[in-house]
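A structural walkthrough
These are the residues of each chain, in order.
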Amino acid sequence: MLNSFGSRGPLQVGGEQYDIFRLEALEKTGVGNVSRLPFCLKILLENLVRNEDGRFVKRDDIEKLARWDPKRQAQNEIAFMPARVLLQDFTGVPAVADLAAMRDAMAAMGGDAGKINPLQPAELVIDHSVQVDYFGTAQAFHANARLEFERNQERYVFLRWAQKAFHNFAVVPPDTGIVHQVNLEYLARVVFRAKNHGKALAYPDTLVGTDSHTTMINGLGVLGWGVGGIEAEAALLGQPISMLVPPVVGFRLTGALNEGATATDLVLTVTEILRKHGVVGKFVEFYGPGLDRLPLADRATLGNMSPEYGATIAIFPIDEETLKYLRFTGRDEAAVELVRAYAKEQGLFRPTGSAGAPDTAYSEKVELDLATVEPCLAGPRRPQDRVPLREAKASFEQALPTLLGKRTDAQPRSVSIALNSHRADIGDGSVVVAAITSCTNTSNPSVMLGAGLLAKKAVERGLGTRPWVKTSLAPGSKVVTDYLVQSGLMPYLEKLGFHLVGYGCTTCIGNSGPLPEPVSQAVRDHELVVAAVLSGNRNFEGRIQPQVRANYLASPPLVVAYALAGRMDIDLYKEPLGRSASGDPVYLRDIWPSETEVQETILSAVGSEMFRHQYANVFAGDDSWRALLVPAGDRFAWDPNSTYVKRPPFFDHLPRTPEDIEDIRSARVLVSLGDSVTTDHISPAGSIPADSPAGKYLIAHGVEPKDFNSYGARRGNHEVMIRGTFGNIRLRNLLAPGTEGGWTVHLPDGEPMTIFDASVQYEKEGVPLLVLAGKEYGSGSSRDWAAKGPHLLGVRAAIAENFERIHRSNLVGMGVLPLEFPAGKTAAALGLTGKETF
């Protein structure tokens, strides 16, 4: 490293000495007023100073960032090198499969396969594979865990091989927790410690992750965001991430949350505000006196849902609350003191009582008084569609006509079904899934214990969950169940059916499992519009459960409340949840816990020893994990009969020099799409229909529908994934009007067929393919298969009004050209039908 500013020098912390790269050295040499930079840009600046090499990072790059002008839109491009890479298993398996295939390609070229390794530390948490097959019983967790291992054994063997074969690669086994919560509670360092030429080096903990919600760690003052698997692989292999220095939106918080308002309500409010303001491709940085009253778990909730409002990050500065949380979660005291000393030395520490950031330069500013936040939900289709709780009933009734699908009758329907030897009436608006799940909220003791206290009061009043509601509790870490048990609240949650079903991302990723058969049959036969209420961060169409058309995000206490009510078309302010044992009406206000009750419960039930105990052997796994038979060797022994893990084709017949780029001529449109098409639409993560091309492939290879698992779990098999591309059951292709799902027409003859079959036919004819789309194409999860799949289908370009950042990058990485219509132009405005040749 060049160190041309002379910024490297010692920092003494306790009995340890570290080398750091001081930012003040830039000011001393006359390079900009660094102290006025936003917190997040100071971290980027340190990254450049430390990695200055004259090749990727030049002195000029550092000087330009140090002189950052908040009023300029077009900023300079920089090369950012994250300290580590974070993976989860749905996105991590294909990334590791690519690395394994690279080793094969290296060997085929006569090279040393063992040289292919992550050069940056990489940690993978297996958290997306558990499904809610069993619920409402004390045996649910063990039954689901057993099924998880049976279904995913081939994937887990592959990951255990990778853990042994690759350097710099660690795996957190299944049934431990959700990747972002494990990162927050254990993996994150805040200040990284490493050896450099024999000396101890300290620098900010930064990362990229193969999951959009990597931004949860922003709540801890750690700079990190979600990238596609392709970008993550490049970072793993030592390539810096090329990025434009973005505008930074300063979000000033004042006041404090009122009684009854939760962190979930706050984040849904912020999501709505920032979606309207417009923060796509920007950094958001929170500041202001409101931070003094915002616990770190609430900050993490706000950071988590950064993708839902479109920002690259949503970060909080390091302060006393950060240090308090590090101690609370059992971090080593020496590490905590290093964070304090380093942050203060570098001007990265926010003093308590800070009224704002008067000297900090922001590109734009937004403000929110926390006292104005009220209870709310978001739905029925998107996280940014906030609905005040007092308007939830009217909002659902208004949305109902848009949720009917093929059904033409908009009159509300109801049907009587037999459930557990009793009759029950379900209909449009019935809540059939109530799930306390997701990294967003299960990391927050206030809302989790709030749900437990509400359950206790409900049980004491004689209330019960409606029999048609599928309930589940899927925490993000084992600490959650520890403090629910310690507080004495777990039995009340279980009394209402909220038994532990697993530690992982379940309902939020589409692993909600099947509805009970009588409910499923009624929904299917009568085309009912039923609802799910979950404490998650995603509620896109077709994601949560295939039969559920209305999906609402809510706080854990509200999830319990809607399980008690059993329907969305209820005014929880005016109508009772049910009746007590004596026949008296019980309203939500009667059982809602006070803030004092919640805080007293946290103080009595949650302790740092819980975190130290649960994370003491976090990489060890249980008996099932340790008993897996793992192949040895530098190269993976691919099983030709595996339907889970196949060698990806991207490195087959790889030439030593790149081939020439060919023009795209006489191309046809494979799919023509509208606005807000998500990566869930392009590459679904949930269940695999038996009559879909992917389902037919699995059946042909001896897999019964009950063993299909999910698209997410099958991402290590490109044959399944290519057949599932554009296979979302709610996809609407304008080339095939009146259809839902993976349908198109072959051109020019207009013959209807599946999108996969059409792509095969076009390949035989030598016809390149295109995608037409509207606004926000590829929003949602950072899903590399949403780019790999179209590439394998023969798609050469996507033409849209605009793209989500990560998806656009993934398309580029796969050689699919992302083209935007000129401002104000659309396919319709240009008279394009999608039936032309291009």
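The paragraphs below set out a description of the structure included in this document. (Residues numbered from 1 in each chain as written. Predicted model: local features only at pLDDT ≥ 70, side-chain atom pairs only at ≥ 80, totals over all residues. Heavy atoms only, no water.)

**Focus: the pattern of salt bridges**
All told, the structure shown has 53 salt bridges when counted by the stated rule. The salt bridge partner of Asp104 is Arg647, with a shortest N-O separation of 3.3 Å. Here the residue Asp104 occupies a position in helix H4 (residues 89-108), and Arg647 occupies one in the loop between helix H23 (623-626) and strand S28 (668-672), the gap between them amounting to 543 residues. Judged by its relative accessible area of 7%, Asp104 is buried. Among the ionic contacts, a cluster of salt bridges with common partners joins Arg381, Glu541, Arg549, Arg730, Arg732 and Glu740. (Salt bridge = Lys/Arg side-chain N within 4 Å of Asp/Glu carboxyl O. Helix = DSSP H or I, 4+ residues; strand = E, 2+ residues; numbered from the N terminus. Buried < 20%, exposed > 50% of the residue type's maximum accessible area, 1.4 Å probe, protein only.)

**Comments concerning the sheet that holds strand S4 (residues 84-88)**
Read across the sheet, five strands follow the order S6-S5-S4-S9-S10 without closing on themselves; strand pairing throughout is parallel. The open sheet has two edge strands, strand S6 (169-172) and strand S10 (223-226), and neither has a second partner. The average undirected angle you get between the axes of adjacent strands in this sheet is 20°. Across the sheet, helix H5 (residues 140-165) lies against strand S5 (122-125) and S6, angled at about 145° from S6, the strand it touches most. (Pairing = 2+ DSSP bridges. Axes fitted to C-alpha atoms, helices over the stretch in contact; angles between N-to-C directions. Contact = heavy atoms within 4.5 Å.)

**Structural notes on the packing of aromatic side chains**
The relative placement of two aromatic rings is captured by the distance of their centres and the angle of their planes. One pass over the full model with this rule turns up 22 aromatic pairs. Summarising the aromatic geometry, the rings of Tyr186 and Phe619 are spaced 6.5 Å apart at their centres and angled 65° between planes, so their arrangement reads as edge-to-face. With Tyr186 in helix H6 (residues 179-187) and Phe619 in the loop between helix H22 (608-614) and H23, this residue pair connects regions lying 433 residues apart in the sequence. Overall, the relative accessible area of 31% leaves Phe619 in the partly exposed class. Following the ring pairs from residue to residue traces out a cluster consisting of Phe158, Trp161, Phe166, Phe169, Phe636 and Trp638. Note that Lys344 overlies the ring of Phe349, its terminal NZ or CZ placed 5.0 Å from the centroid. Looking at Arg390, its charged tip hangs above the ring of Tyr573, at a distance of 4.4 Å from the centre. (Phe/Tyr/Trp six-rings, centres within 6.5 Å; stacked < 30°, edge-to-face > 60°. Lys NZ or Arg CZ within 6 Å of the ring centre and 35° of its normal.)

**Remarks on empty space enclosed by the protein**
The tally for this structure, following the rule as stated, stands at six cavities of 30 Å³ or more. Considered as a void within the structure, the largest cavity measures approximately 170 Å³ in volume. Along its surface, the largest cavity is lined by 22 residues, and Gln88, His128, Asp211, Ile509 and Arg543 are the ones closest to its centre. Of the residues contributing to the lining of the largest cavity, the split by class is six nonpolar, eleven polar and five charged. Looking at the second largest cavity, its volume works out to about 100 Å³. (1 Å grid on protein atoms, 1.4 Å probe; cavity = no way out; pocket = protein on both sides within 12 Å on 5 of 7 lines; lining within 4 Å. Points joined across faces, edges and corners; volume = space filled by probe spheres on them. Nonpolar A, V, L, I, M, F, W, Y, C, P; charged D, E, K, R; others polar.)

**A closer look at the packing of helix H2 (residues 39-50) against helix H3 (residues 59-66)**
The N-to-C vectors of H2 and H3 enclose an angle of 165°; their axes lie 10 Å apart at closest approach. Judged by the inter-axis angle, H2 sits roughly antiparallel to H3. Two packed elements cross with a definite hand, and for H2 against H3 that hand is left-handed. Across from Leu41, Leu44, Leu45, Leu48 and Val49 in H2, the residues of H3 making contact are Asp61, Ile62, Leu65 and Ala66. Partitioned by chemical class, the residues of the contact of H2 with H3 number eight nonpolar, no polar and one charged. (Parallel < 35°, antiparallel > 145°, perpendicular 65-115°, else oblique. Left-handed = near helix turned anticlockwise from the far one by under 90°.)

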